[in-house]
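These are the residues of each chain, in order.
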Amino acid sequence: MARTRPFRIVLIGAESTGKTTLCEALAAHFETVWVPEYGREHWEKKIAEQGVHGEIPAWTDDDFVHIAEVQKSRENEAAARANRVLICDTNAFATATWFERYAGKRHPPVDAIGARDIVDLYLIACPDVPFVQDGVRDGETIREWMHIRFLELIRGNGSPHVLITGAYDTRLPQAIAAINTLLALAPKPAPTTPFIIRRAAEADAERLGHIGVATFVETYGDLIDGANLSAHCTNQHARSLYETYLADPTCALWLAEHAETGAPIGYALNCTPDLPVPLEPGDRELKRIYALSRHHGAGPGRALMEAAIAEAREQGAPRLLLGTYQDNARAIAFYTRHGFSLAGTRQFRVGERVFDDIVMAKRL
């Protein structure tokens, strides 16, 4: 499935570790947006108000709840404008730890806000660079405590993280490399295949046989010996057998073709049930549904299944049934996602070998 949100990269760390400069540089490198630290903006406003009222500003519990909520709100707003990655200078989780730094205890309401943070990677800036006083910083003596506390919490909740260390001019390459690794390891969007689904005609018998042989060998080539595999394909995927299916008015076949080349890539067959389980009047059997493995998850299999279900409903069938090898986990998961559940068992012969199958049914 295609990713619908940007990767969120959050920089955290003690004071004067270059987080803000690094955020700006990362946003420029990845051509995206970044979210500044609202806590600093809030504190500078309090400092400005001190000049008006002549009072020394102090942090309150409400300050931290407000900061966490605004930080999260601005982050979510920026995510809608981000280009694949969103760079965040701190987050609500870090705000909760700053409260602990000032109050000596955790703040449950702020922790609750931080627990809802979405983070794909933390970049933790280490305090191994000189402290620079900018007029509002007051944490030089506790930088190491803050760093250790962040590490304890991050490692405790299992969040992915990378330490950014060393001189300032080495930090940007480290951060870029960490983000590029995250992007490279992230699941890729599911492939798609340009395809068409159509009802099979008499002239398609040979093409259906080709798909039948190819998919059966792909699925069972490492399970069934060559002699039995060949005998099964010769008997069960002969052109004459498909001609019989196509001529039978109780059967319905669909062919999946590559939209650009016209090559056959899958098919499905509905028919009157031939299964050793109690049947209900009018039941239909999805006797075969095959797609070449390179197109699994790319659309043809789902479209063939939808066509088979629709035909069974049009026929007024109470159920659509099918049989599958009991150890074919991928197929069973696919059928389960489409509403099929266990209805019985059967044995299936391949050449001289007999396999245990399950029978599944979908209520229509």
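Residues numbered from 1 in each chain as written. Predicted model: local features only at pLDDT ≥ 70, side-chain atom pairs only at ≥ 80, totals over all residues. Heavy atoms only, no water.

S.K.: Can you explain the overall build of the chain? Please cite residues and give values.
M.R.: Along the chain, the regular secondary structure elements total 12 helices and 12 strands. Relative to the compact-globule value of 21 Å for 364 residues, the chain shows a C-alpha radius of gyration of 31 Å, a clear excess of over 25%. Principal-axis analysis of the C-alpha atoms gives the chain an extent of 95 × 40 × 35 Å. Within the chain, the proportion of its 364 residues that are buried is 48%. Residue pairs at least 24 apart in sequence account for 71% of intrachain contacts in the chain once pairs closer than 6 positions are excluded. Of the side chains in the chain, 39 bear a positive and 47 a negative charge, and the two mean positions are spaced by 3 Å. (Helix = DSSP H or I, 4+ residues; strand = E, 2+ residues; numbered from the N terminus. Rg over C-alpha atoms; globule rule 2.2 N^0.38 Å. Buried < 20%, exposed > 50% of the residue type's maximum accessible area, 1.4 Å probe, protein only. Contact = heavy atoms within 4.5 Å. Lys, Arg positive; Asp, Glu negative; His and termini not counted. Charge placed at Lys NZ, Arg CZ, Asp CG, Glu CD.)

S.K.: So, the pattern of salt bridges: which residues are in play, and what are the values?
M.R.: Scanning the entire structure with this criterion turns up 20 salt bridges. The salt bridge involving Asp120 is made with Arg5; its shortest N-O contact spans 2.8 Å. Linking Asp120 in the loop between α5 (108–114) and β4 (121–125) with Arg5 in the segment before β1 (7–13), this pair joins segments that are 115 residues apart in sequence. Judged by relative accessible area, Arg5 falls into the partly exposed class, the value being 33%. Here Arg198 ties to Glu257 by a salt bridge, and the two come within 3.0 Å at their closest N and O atoms. (Salt bridge = Lys/Arg side-chain N within 4 Å of Asp/Glu carboxyl O.)

S.K.: Describe the sheet that holds strand β8 (residues 264–271), listing the residues and the values that go with them.
M.R.: Sheet strands pair by backbone hydrogen bonding; their relative direction is either parallel or antiparallel. Reading across the sheet, the 7 strands line up as β6-β7-β8-β9-β10-β12-β11 and stay open at both edges, with mixed pairing between neighbours. Because the sheet does not close on itself, it has two edges, and the strands there are β6 (195–199) and β11 (341–350). Taken over all neighbouring pairs, the strand axes of this sheet differ in orientation by 25 degrees on average, direction set aside. The pairing of strand β7 (residues 252–258) with β8 spans 6 bridges and is antiparallel. Within β8, the residue paired with Leu253 across the bridge is Leu269. Contacts between helix α10 (residues 239–247) and the sheet are confined to β7, β8 and β9 (284–291), with β9 contributing the most and set at about 135 degrees to the helix. Helix α11 (residues 300–314) rests against β6, β7, β8, β9, β10 (319–325) and β12 (353–363) of the sheet, and its axis sits at about 165 degrees to β9. (Pairing = 2+ DSSP bridges. Axes fitted to C-alpha atoms, helices over the stretch in contact; angles between N-to-C directions.)

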